[in-house]
Amino acid sequence: MNLQNQNGYMLLFRGNDWIKPLSPEEKQKVTDQWMAWFKRLTEQGKAVAGNPLEREGKVVSGNNRIVSDGPFAESKEAIGGYFLLDVPTMDEALVIAKECPGLPYGVKVEVRPVAAECPVASEFKREAEFATI
Amino acid sequence: MNALEMSNNGYLLLFHGNEWWKELGREELEQYIPQSNGWLENLMTTGKVKGGQALARSGVIVSGKNGCNVTDGPFAESKEVVGGYLLLNVETFEEAVAIAKTCPQLAFGGKVEVRPLTNECPSQVHLEELTREEQLATA
């Protein structure tokens, strides 16, 4: 894996409905923790964007542009929000991912390096270079 | 393309599908790539896009208390993996879906998830709902 990445990293928070079984006190606690976490990362310049996503939406697929309702993937894998991190290494992105206040409640954090260019185009370029050798 | 800026509103398109382009031949790629570039360029020049990036096909999943489990991908089911995103600067969900329908990846098996952004943490919203219900029950 490429550990240096000047394009940053994306955290995708996966998990749906993990909130519902929590007591009101736990809900308040995890919400406060999450907001404080994002505020600190923003102030440190490590988070450049982030939002929760509404638990609704559509999926568009196929040549016929079929529009279907969520849930998306399996609901426990559904994406509930994201942070975009401006940090130089996967190690640093991982340290931040491990701080996620949702982890004790079953949230999974997917950590993905942002790509410099569309992978389709880079693959195509590689093939074209190979073909000319 | 630039990364996302802080966003108060709008819609997020998530592009699903794992390395579907590997199935394409030269002719299809030569057709798809300019289509895709033109699509993005058009959305950017009309001010419909605030940001967007492709995601590398690598990464890890962190789970468990204090992030004790770190595993390599694949993520979700590999055909549901997110390969990139666009943040749309449009007013309505209908317009976001209309843009998703014009995505050139659809012709090659890609899927586009359209999600409204929110400012409010859903756990906070749920807590407020519960509080309102309790107040109604005791009223």
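No experiment lies behind these values; they were computed from the predicted model shown. (Residues numbered from 1 in each chain as written. Chains lettered and ligands numbered in written order. Predicted model: local features only at pLDDT ≥ 70, side-chain atom pairs only at ≥ 80, totals over all residues. Heavy atoms only, no water.)

**Section: the overall build of chain B**
Check the secondary structure of chain B and you find three helices and six strands. For chain B, with 139 residues in total, the buried portion stands at 46%. A separation of at least 24 residues holds for 81% of the contacts in chain B among residues at least 6 apart in sequence. (Helix = DSSP H or I, 4+ residues; strand = E, 2+ residues; numbered from the N terminus. Buried < 20%, exposed > 50% of the residue type's maximum accessible area, 1.4 Å probe, protein only. Contact = heavy atoms within 4.5 Å.)

**Re the overall build of chain A**
A tally of helices and strands in chain A yields three helices and six strands. Helices and strands appear in chain A in the N-to-C order β-α-β-β-β-β-α-β-α. Residue burial in chain A is summarised as follows: out of 133 residues, 47% are buried. When the accessible surface of chain A is summed, it comes to about 6,600 Å², and 53% of that surface belongs to carbon and sulfur atoms. (Areas by Shrake-Rupley, 256 points an atom, 1.4 Å probe, with all protein chains shown as cover.)

**Topic: the pattern of salt bridges**
Following the criterion strictly, the structure yields 10 salt bridges over all chains and no others. For Lys 39 of chain A, the salt bridge goes to Glu 43 of chain A, with nearest N and O atoms at 3.2 Å. Residue Lys 39 of chain A and its partner Glu 43 of chain A are both found in helix H1 (residues 24-43); the two are separated by four residues, about one turn of the helix. For Glu 43 of chain A, a relative accessible area of 60% translates into the label exposed. One salt bridge in this structure joins Glu 95 of chain B and Lys 48 of chain B, with 2.6 Å as the shortest N-O distance. (Salt bridge = Lys/Arg side-chain N within 4 Å of Asp/Glu carboxyl O.)

**Here's the deal with the state of the cysteines**
Taken as a whole, this structure holds zero disulfides over all chains when the rule is applied. Not engaged in a disulfide, the cysteine Cys 68 of chain B finds its nearest cysteine sulfur in Cys 100 of chain A; these two sulfurs lie 13 Å apart. With a relative accessible area of 56%, Cys 68 of chain B lands in the exposed category. (Disulfide = S-S within 2.5 Å.)

**What to know about the interface of chain A and chain B**
Every contact between the two is made by 61 residues of chain A and, on the other side, 66 residues of chain B. Of the roughly 5,500 Å² buried where chain A meets chain B, counting both sides, 68% is carbon and sulfur surface. The interface formed by chain A and chain B includes zero salt bridges. Across the contact surface, chain A and chain B share 16 residue pairs in polar contact (both at pLDDT 80 or more). Looking at which element gives the most residues to the side of chain A that touches chain B, the answer is strand E6 (residues 108-115) of chain A, with eight residues. A per-class count over the side of chain A that touches chain B returns 36 nonpolar, nine polar and 16 charged. (Buried area = accessible area lost by both parts, 1.4 Å probe. Polar contact = N/O pair within 3.5 Å; in protein donor to acceptor, adjacent residues only side chain to side chain. Nonpolar A, V, L, I, M, F, W, Y, C, P; charged D, E, K, R; others polar.)

**Let's talk about helix H2 (residues 90-97) of chain A**
Where H2 of chain A is concerned, the buried positions are Met 90, Ala 93, Leu 94, Ile 96 and Ala 97 of chain A. Along H2 of chain A, the residues classed as buried sweep out an arc of 160° about the axis, all on the same side. Close packing links the buried residues of H2 of chain A with strand E1 (9-14), H1, strand E5 (79-85) and E6 of chain A together with strand E3 (60-63) and strand E4 (69-72) of chain B. (Arc of directions from axis to C-beta.)

**Comments concerning the pairing of E6 of chain A**
In terms of burial, E6 of chain A is a largely internal element, seven of the eight residues being buried. The pairing of E1 of chain A with E6 of chain A spans six bridges and is antiparallel. The residue bridging Phe 13 of chain A from the neighbouring strand is Val 109 of chain A, located in E6 of chain A. Relative to E3 of chain B, E6 of chain A is paired through three bridges, and the arrangement is antiparallel. When the sheet's bridge partners are listed, Val 111 of chain A is paired in E3 of chain B with Val 60 of chain B. Bridge count between E6 of chain A and strand E2 (residues 49-55) of chain B: two bridges; the pairing is antiparallel. When the sheet's bridge partners are listed, Ala 115 of chain A is paired in E2 of chain B with Ala 54 of chain B. (Pairing = 2+ DSSP bridges.)

**A word on the pairing of strand E4 (residues 66-69) of chain A**
Pairing analysis gives four bridges linking strand E3 (residues 58-61) of chain A to E4 of chain A, with the strands arranged antiparallel. Bridging across to E4 of chain A, Lys 58 of chain A finds its partner in Asp 69 of chain A.

**Concerning the confidence of the model for chain B**
Residues and elements named next belong to chain B. In this model, chain B carries an average pLDDT of 82, and 88% of its residues clear a pLDDT of 70 or more. Across chain B, the secondary-structure element scoring lowest on mean pLDDT is helix H3 (residues 122-138), at 80, and the one scoring highest is helix H2 (residues 93-101), at 91. Contacts of residues 1-6 to residues separated by more than four positions or lying in other chains number 26 contacts, the stretch itself having pLDDT below 50. The ipTM for the predicted assembly is 0.78, set against a pTM of 0.81. (pLDDT = per-residue confidence, 0-100.)

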